[in-house]
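For reference, the chains in residue letters:
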Amino acid sequence: DVTKPQCGMNDEDYSRCVLADAVIHCAACVNWNAAYSDLREINVLSLVNIAKLCVESKLKTLLFIGSGITFPEEAPDLSWLQECANPYMVSKVASEFLIRKLHQQTVVVRAGMIVWHSNTGAHNPSDAYVRLLQSIKRDSLAWQRDDFMDGMNVDAFC
């Protein structure tokens, strides 16, 4: 649990992690319907614990899975917040901004839309893709050949 000291690990496990050369951080609450107050602790404030892990014992590179939002491939600017369509997007832009301030050795990957597991079908039933597909089916609409939405299955990404 990255919201807790030592990322929720016991002393033995944490002492092994501080010896790592790099940290990959992808823990987040991905919920486009949640209020910012429900997302803030896990998506933003937990980065203080991640940053501590990255500097304890030896400096580590952090690979941070960012927003997936289509913004310029550069460090986030807080002016982007006004372009965010929902609190989840706000939490991810804020987290990218914060982690770059806390830990300079951070590489942010904006993976785009991560969708269901290709083998199990496990998914978030309220995510944007699922709701779009349900609407197309419900309203008997057709997807035009030139329409394009990019998504990557979670198991292909991880």
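Everything below is about the structure shown above.
About the cut-offs
- Residues numbered from 1 in each chain as written.
- Predicted model: local features only at pLDDT ≥ 70, side-chain atom pairs only at ≥ 80, totals over all residues.
- Heavy atoms only, no water.
- Helix = DSSP H or I, 4+ residues; strand = E, 2+ residues; numbered from the N terminus.
- Buried < 20%, exposed > 50% of the residue type's maximum accessible area, 1.4 Å probe, protein only.
- Contact = heavy atoms within 4.5 Å.
- Pairing = 2+ DSSP bridges.
- Axes fitted to C-alpha atoms, helices over the stretch in contact; angles between N-to-C directions.
- Core = buried A, V, L, I, M, F, W, Y, C linked by side-chain atoms within 4.5 Å.
- Disulfide = S-S within 2.5 Å.
- Expected span 1.5 Å × (residues − 1).
- Polar contact = N/O pair within 3.5 Å; in protein donor to acceptor, adjacent residues only side chain to side chain.

K.L.:
Where do I start with the overall build of the protein in this structure?
P.N.:
Counting its regular elements, the protein contains six helices and five strands. The secondary structure elements of the protein, listed N-terminal to C-terminal, are α-β-α-α-β-α-β-β-α-β-α. By the burial criterion, 30% of the 158 residues in the protein qualify as buried. Taking contacts inside the protein between residues at least 6 apart in sequence as the whole, the part at least 24 apart equals 71%.

K.L.:
Can you walk me through the sheet that holds strand S1 (residues 22-25) in this structure?
P.N.:
In sheet architecture, strand pairing relies on hydrogen bonds along the backbone and comes in two forms, parallel and antiparallel. Taking strand neighbours across the sheet as the criterion, the three strands line up as S1-S2-S3 in an open arrangement whose pairing is parallel. At either end of the open sheet lies a strand with only one pairing partner, and these are S1 and strand S3 (106-109). Mean inter-strand twist for the sheet, computed between neighbouring axes without regard to direction, equals 15 degrees. As judged from the four bridges shared by strand S2 (residues 61-65) and S3, these two strands associate in the parallel manner. In the strand pairing of S3, Leu63 is matched with Val107. Sitting on the sheet, helix H3 (residues 47-55) touches S1 and S2, and the angle it makes with S1 is about 165 degrees. Helix H4 (residues 87-102) rests against S2 and S3 of the sheet, and its axis sits at about 170 degrees to S2.

K.L.:
Looking at this structure, how should I read the nonpolar core?
P.N.:
Here is a general trend for soluble globular proteins: nonpolar side chains tend to be buried in one another's company. Membership of the largest hydrophobic core comes to 14 residues, with the highest contact counts inside it found for Ile50, Leu62, Phe64 and Ile99. At the level of elements, H3 and S2 are the ones that each hand at least two residues to this core. Here the element with the most residues in this core is H3; it accounts for five residues. Core analysis: the next-biggest nonpolar cluster, separate from the first, contains seven residues, Cys84, Tyr88, Met89 and Val93 among them.

K.L.:
Explain the environment of Pro87 to me, please; I cannot follow it from the model alone.
P.N.:
Within the secondary structure, Pro87 is located in helix H4. Along the primary structure Pro87 and Leu39 are separated by 48 residues, whereas in three dimensions their C-alpha atoms are 7.9 Å apart.

K.L.:
Explanation requested: H3 in the structure shown.
P.N.:
Counting along an α-helix, one turn takes 3.6 residues, and residues three or four places apart therefore face a common direction. Looking only at H3, the buried set comprises Leu47, Asn49, Ile50, Ala51, Leu53 and Cys54. Those residues of H3 that are buried are in contact with helix H1 (11-17), S1, helix H2 (36-45), S2 and H4.

K.L.:
It is not clear to me how the state of the cysteines should be interpreted in this structure. Could you clarify?
P.N.:
Note on terminology: disulfide describes a covalent bond linking the sulfur atoms of two cysteines. Here the structure, examined in full by the defined rule, presents zero disulfides. Cys54 forms no disulfide, and the closest cysteine sulfur to it belongs to Cys7, at a distance of 8.5 Å. For Cys54, a relative accessible area of 0% corresponds to the buried category.

K.L.:
Looking at this structure, how should I read H4?
P.N.:
Helix length check: H4, at 16 residues, gives a terminal C-alpha distance of 22 Å against a target of 22 Å (1.5 Å per residue), a fit within 8%. Looking at the buried residues of H4, the elements they touch are H2, H3, S2 and S3. A side-chain oxygen of the first residue of H4 lies 3.1 Å from the backbone nitrogen of Tyr88; this N-cap is Asn86.

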